[in-house]
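# Descriptive analysis of the structure
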Number of protein chains: 2
Amino acid sequence: MEQKSFQDYYPDELNYCYGCGRLNEHGLQLKTYWDNDETVSVYTPKPHHMAIPGYVYGGLIASLIDCHGTSTAAAAAYRTDNREMDTEPPFRFVTASLQVDYLKPTPLGVPLEIRGKVKEIKGRKVIVEATLTANGELCAKGLVVAVQMPEKMLKPNT
Amino acid sequence: MEQKSFQDYYPDELNYCYGCGRLNEHGLQLKTYWDNDETVSVYTPKPHHMAIPGYVYGGLIASLIDCHGTSTAAAAAYRTDNREMDTEPPFRFVTASLQVDYLKPTPLGVPLEIRGKVKEIKGRKVIVEATLTANGELCAKGLVVAVQMPEKMLKPNT
């Protein structure tokens, strides 16, 4: 049986994110999983995701780290609560701040591996450290401060 | 005569960036201009650029601030050198680090205005502060540390 990603557990109405929504047919559809105490996503950029020929554009790297961070935050919140990810109410996080350090040019045409570690959980806030590697080489580091989504965003029509 | 954007001056071979390349038909094609001592770009997200219905996804905001920052850095470098943007050699910058603070949810469906100010120019490095507003409200702030592109990236085949 194939393992379900964090995003597969998002409620349908919150599953349209361009970066990681399962239901956004135009989006990146990032998938994130536990790997022991780390989280991992793998994404292979499209040819048009270039900065200059041969290299990935920085905005995509920021997007991957962003969505990897918020999904890691949600998964960590379930773990902290000793709850399965298919239980109610759902945890969904938004980004309060994003820091990306571009350490070396990221080659285009190979899978990028994004790994996350939870640095801190405090109340509704989760801080996630992330790395992005290509061909085993560290290309970027990120820090995502994620906060639990306000109720008014979860239910915009109420 | 319509004013040319910074990106219109990029050499063709460096004009394929997904965020701001004039020649990337799949990309965002961000255009940036001087407005006195500030720089300004306006971009209206597509409906699929959502985080959840009604709101823009954070990765797009990071992408816009990123490309706004590197184009501002290039324009500032020409100004500092008292050179027109169509003179050789071209200035092109890459991002060393990107910080985005998401201050409030960014509504989808309206133009986003990104404004930049050069905070510091030192050697090959330019630091740009940016704001992103929607409907006149500040939704995000950014800081881009841009560095002049290494020559080996400018001429990958040499």
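How each quantity is defined
- Residues numbered from 1 in each chain as written.
- Chains lettered and ligands numbered in written order.
- Predicted model: local features only at pLDDT ≥ 70, side-chain atom pairs only at ≥ 80, totals over all residues.
- Heavy atoms only, no water.
- Helix = DSSP H or I, 4+ residues; strand = E, 2+ residues; numbered from the N terminus.
- Buried < 20%, exposed > 50% of the residue type's maximum accessible area, 1.4 Å probe, protein only.
- Contact = heavy atoms within 4.5 Å.
- Expected span 1.5 Å × (residues − 1).
- Core = buried A, V, L, I, M, F, W, Y, C linked by side-chain atoms within 4.5 Å.
- Salt bridge = Lys/Arg side-chain N within 4 Å of Asp/Glu carboxyl O.
- Phe/Tyr/Trp six-rings, centres within 6.5 Å; stacked < 30°, edge-to-face > 60°.
- Lys NZ or Arg CZ within 6 Å of the ring centre and 35° of its normal.

### Some remarks on the environment of Asn135(B)
All names here are of chain B. In this fold, Asn135 is placed in the loop between β5 (125–134) and β6 (137–148). Judged by relative accessible area, which is 58%, Asn135 ranks as exposed. Expressed as a C-alpha distance, the spacing of Asn135 and Ala62, which sit 73 residues apart in the sequence, is 19 Å. Leave out the neighbours within four places in its chain, and Asn135 touches Pro107 and Val110.

### Details of helix α1 (residues 58–80) of chain B
Residues and elements named next belong to chain B. The end-to-end C-alpha separation of α1 is 32 Å, in line with the 33 Å expected for 23 residues at 1.5 Å each. Taken across its 23 residues, α1 has 21 buried, putting it largely inside the fold. Residue Asn82 follows α1 closely and has a positive phi angle near 55°.

### A look at the nonpolar core
Nonpolar side chains in soluble globular proteins generally cluster together in the buried interior. Judged by nonpolar contacts, the single largest core of 80 residues is most densely connected at Leu64(A), Ile65(A) and Leu64(B). Not counting the four nearest positions on each side in its chain, Leu64(A) is found in contact with Leu28(A), Leu30(A), Tyr43(A), Leu112(A), Ile114(A) and Leu132(A).

### Focus: the pattern of salt bridges
Inspection of the entire model under this criterion finds 16 salt bridges over all chains. Between Arg115(A) and Glu38(A) there is a salt bridge, with its nearest N and O atoms 2.6 Å apart. Of this pair, Arg115(A) sits in strand β4 (residues 112–122) while Glu38(A) sits in strand β2 (residues 38–43), and the two are 77 residues apart along the sequence. Its relative accessible area of 21% is what places Arg115(A) among the partly exposed residues. The partner of Asp35(B) in a salt bridge is Arg115(B), with the nearest N and O atoms 2.4 Å apart. Here Asp35(B) is found in strand β1 (residues 32–35), whereas its partner Arg115(B) is found in strand β4 (residues 112–122), with 80 residues between them in sequence. It is possible to trace a salt-bridge network through shared partners that takes in Asp35(A), Glu38(A), Glu113(A), Arg115(A) and Lys117(A).

### Quick word on the packing of aromatic side chains
A complete count under the given rule lists eight aromatic pairs over all chains for this structure. Here the aromatic rings of Phe6(A) and Trp34(A) are separated by 5.6 Å at their centres, their planes lie at 65°, and the arrangement is edge-to-face. Separated by 28 residues along the polypeptide, Phe6(A) in the segment before β1 (32–35) and Trp34(A) in strand β1 bring together distant segments of the chain. Classification of Phe6(A) as buried rests on a relative accessible area of 3%. Relative to Tyr57(B), the ring of Tyr18(A) has its centre 5.0 Å away and its plane inclined at 40°; by these criteria the two rings are tilted. Of this pair, Tyr18(A) sits in the segment before β1 while Tyr57(B) sits in the loop between β2 (38–43) and α1, on two different chains. Put simply, the rings of Tyr78(A), Phe91(A) and Phe93(A) touch in pairs and so form one group of aromatic residues. Positioned above the aromatic ring of Trp34(A), the side-chain terminus of Arg79(A) is 3.7 Å from the ring centre. In this arrangement the basic side chain of Arg92(B) is found over the ring face of Tyr10(B), its NZ or CZ atom lying 4.0 Å from the centre.

Remember, this is a structural readout, not a statement about activity or role.
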